[in-house]
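# Structural overview for review
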Amino acid sequence: MPVLKKGDAVGLISCSDGLRQEDAIHLQTIRQQLIRLGLTPIEAKTIFRQNGSPFSGSAKARASELMRFYQSDKIKAIFDVSGGDSANQILPHLDFAMIRRAAIPFVGISDLSVINNAVYACTDQPAYHYRIKNLSGAFADQQKDVFQQSFMTDRSFSDRQLHWLRGHSMSGIVIGGNIRCFLKLAGTRYFPDPTDKIVFLEALGGGPARMASLLAQLDQLSVFKQCSGVLLGTFSEMQVKQYTPLIETLVLEISDRYHLPVAKTEQLGHGEDACCLPIGLPLTL
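Residues numbered from 1 in each chain as written. Predicted model: local features only at pLDDT ≥ 70, side-chain atom pairs only at ≥ 80, totals over all residues. Heavy atoms only, no water.

### Structural notes on the overall build of the chain
- Summing up its helical and strand segments, the chain has ten helices and twelve strands in all.
- By principal-axis analysis of the C-alpha atoms, the chain measures approximately 50 × 35 × 35 Å.
- Taken over 285 residues, the chain has a buried fraction of 54%.
- A sequence separation of at least 24 residues applies to 81% of the contacts in the chain between residues at least 6 apart.
- In the chain, which carries 29 positive and 27 negative side-chain charges, the distance between the mean positions of the two groups comes to 5 Å. (Helix = DSSP H or I, 4+ residues; strand = E, 2+ residues; numbered from the N terminus. Buried < 20%, exposed > 50% of the residue type's maximum accessible area, 1.4 Å probe, protein only. Contact = heavy atoms within 4.5 Å. Lys, Arg positive; Asp, Glu negative; His and termini not counted. Charge placed at Lys NZ, Arg CZ, Asp CG, Glu CD.)

As structure tokens, then:
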């Protein structure tokens, strides 16, 4: 079933670092795009940075605004417009039982990977790896179509631009997201069980040494031993700067002993032309 239909209200919030005032023009564009799609945007009080800090409010305030959206009988999906470092601050203040009952999808990427995966781990409800700010980016018209296909139809992620690095198929419930942020959940109750899951990984910044370190941590958590496959999105800095070893090489090396299927797509990640991937739902590639 589609997540949204015309006439629905959607929430806009910053659960990670707040937006700067100069980002107001992008927020206005997002609002206009949503209205053109037949949706009604409702903004949280915690959107912009406050009191000279990086935050749109205290951890409790951000969590309270998010829970206010989950308690709404109008809002049908919650889109996080933020990114940065501080989303995991709000996790202890969330009522996951209420989130489970509300069954309202949460949508965000980058640092919001912590919320995407915590929601799934604690409620069995899906979340979505998608950057709503793409509606105000260089590919805004294309992204309007991506948004409609992802949230207003029942079409799922397409694997037509998938490059297989090892194997030729994988299936399982998807977990993961931004590799650095996903690993903030390690050792907590918010880290999803990787058993038989597809582990999706992407990154904005970081070179080979950082990626090797993060991949080693995933391996030491037995993620590669337990999962059913690895789906790589874009690793922006590594690819733009053409660092070596390639991310593909690093992943193949660390997962070799498990004979895991590994695939890569340029459709998922921090790019302004990226698509949407459900977290916490089954996927067959």
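Read on for the rest.
### Some details on the side chain of Asp111
- Mapped onto the elements of the fold, Asp111 is located in the loop between β4 (106-107) and α4 (113-123).
- You can call Asp111 buried: its relative accessible area is 0%.
- A polar contact is formed between the side chain of Asp111 and the backbone nitrogen of Ser86, at a distance of 3.0 Å.
- Ignoring any residue separated from it by four or fewer positions in sequence, one finds Asp111 in contact with Ser16, Gly83, Gly84, Asp85, Ser86, Ala87, Cys181 and Lys184. (Polar contact = N/O pair within 3.5 Å; in protein donor to acceptor, adjacent residues only side chain to side chain.)

### Side note on the UniProt feature "domain: LD-carboxypeptidase C-terminal" (unreviewed entry) in the chain
- Feature annotation in UniProt places "domain: LD-carboxypeptidase C-terminal" (unreviewed entry) on residues 171-285, given in this structure's numbering.
- The span residues 171-285 carries 30% helix and 27% strand; its end-to-end C-alpha distance comes to 6 Å. (UniProt positions renumbered as here; feature names shortened; annotations may be inferred.)

### Structural notes on the side chain of Lys197
- Tracing the sequence through the fold places Lys197 in the loop between α6 (179-182) and β8 (198-203).
- For the buried residue Lys197, which engages in no salt bridge, the nearest side chain bearing the opposite charge is Asp193, 4.8 Å off.
- Looking at Lys197, its side chain comes within polar contact range of the main-chain oxygen of Asp193, at 2.9 Å. (Salt bridge = Lys/Arg side-chain N within 4 Å of Asp/Glu carboxyl O.)

### Details of the domain arrangement of the chain
- Each assigned domain of the chain is listed here: domain 1 (9-152) and domain 2 (163-284).
- Relative placement of domain 1 and domain 2: their C-alpha centres are 23 Å apart.
- On the domain 2 side, the residues contacting the 32 residues of domain 1 number 30 residues.
- Area buried by domain 1 at its contact with domain 2 is led by Asn117, Tyr120 and His129, which between them contribute 28% of it.
- Inspection of the domain 1/domain 2 interface yields two salt bridges.
- Between Asp85 and Arg180 there is a salt bridge, and its shortest N-O distance comes to 3.2 Å.
- Taken together, the connections running from domain 1 to domain 2 amount to 14 residue pairs in polar contact (both at pLDDT 80 or more).
- When contributions to the side of domain 1 that touches domain 2 are tallied by element, the ones reaching two or more residues are α4, β5 (127-129) and α5 (140-151). (Domains from an automatic or database assignment. Buried area = accessible area lost by both parts, 1.4 Å probe.)

### Focus: α4
- With ten of its eleven residues buried, α4 lies for the most part within the structure.
- Residues of α4 that are buried: Ser113, Val114, Ile115, Asn116, Asn117, Ala118, Val119, Tyr120, Cys122 and Thr123.
- Asp124 sits one or two positions beyond α4 and adopts a positive phi of about 65°.

### Section: the environment of Ser86
- Topologically, Ser86 is positioned in the loop between β3 (75-80) and α3 (96-102).
- Residue classification places Ser86 among the buried residues on the basis of a relative accessible area of 5%.
- Residues Ser86 and Pro54, spaced 32 residues apart in sequence, show a C-alpha to C-alpha distance of 8.9 Å.
- Excluding residues that lie within four positions of it along the chain, Ser86 makes contacts with Cys15, Ser16, Asp17, Phe55, Arg62 and Asp111.

### Thoughts on the packing of aromatic side chains
- Within the structure shown, the criterion is met by eight aromatic pairs.
- For the ring pair Phe96 and Tyr190, a centre distance of 5.9 Å and an interplane angle of 40° mean the geometry is tilted. Within this pair, whereas Phe96 is found in helix α3, its partner Tyr190 is found in the loop between α6 and β8, the two being separated by 94 residues in sequence. Both residues of the pair, Phe96 and Tyr190, count as buried.
- Put simply, the rings of Phe79, Tyr128, Tyr130, Phe147 and Phe151 pair up and form one aromatic cluster. (Phe/Tyr/Trp six-rings, centres within 6.5 Å; stacked < 30°, edge-to-face > 60°.)

### Some remarks on the state of the cysteines
- Within the structure shown, the criterion is met by zero disulfides.
- Here Cys227 stays free of any disulfide, with the sulfur of Cys181 as its closest cysteine sulfur at 19 Å.
- Summary of cysteine pairing: Cys276 is not part of a disulfide, and the nearest cysteine sulfur, belonging to Cys275, is at 8.4 Å. (Disulfide = S-S within 2.5 Å.)

### What to know about the sheet that holds strand β11 (residues 277-279)
- Sheet architecture is open: six strands sit in the order β2-β1-β3-β4-β5-β11, paired in mixed fashion. This sheet does not close on itself; its edge strands, each paired only once, are β2 (40-43) and β11.
- Of the strand pairs in this sheet, β4 and β5 are connected by two bridges, and their pairing is parallel. Paired with Val107 across the bridge in β5 is Tyr128. (Pairing = 2+ DSSP bridges.)

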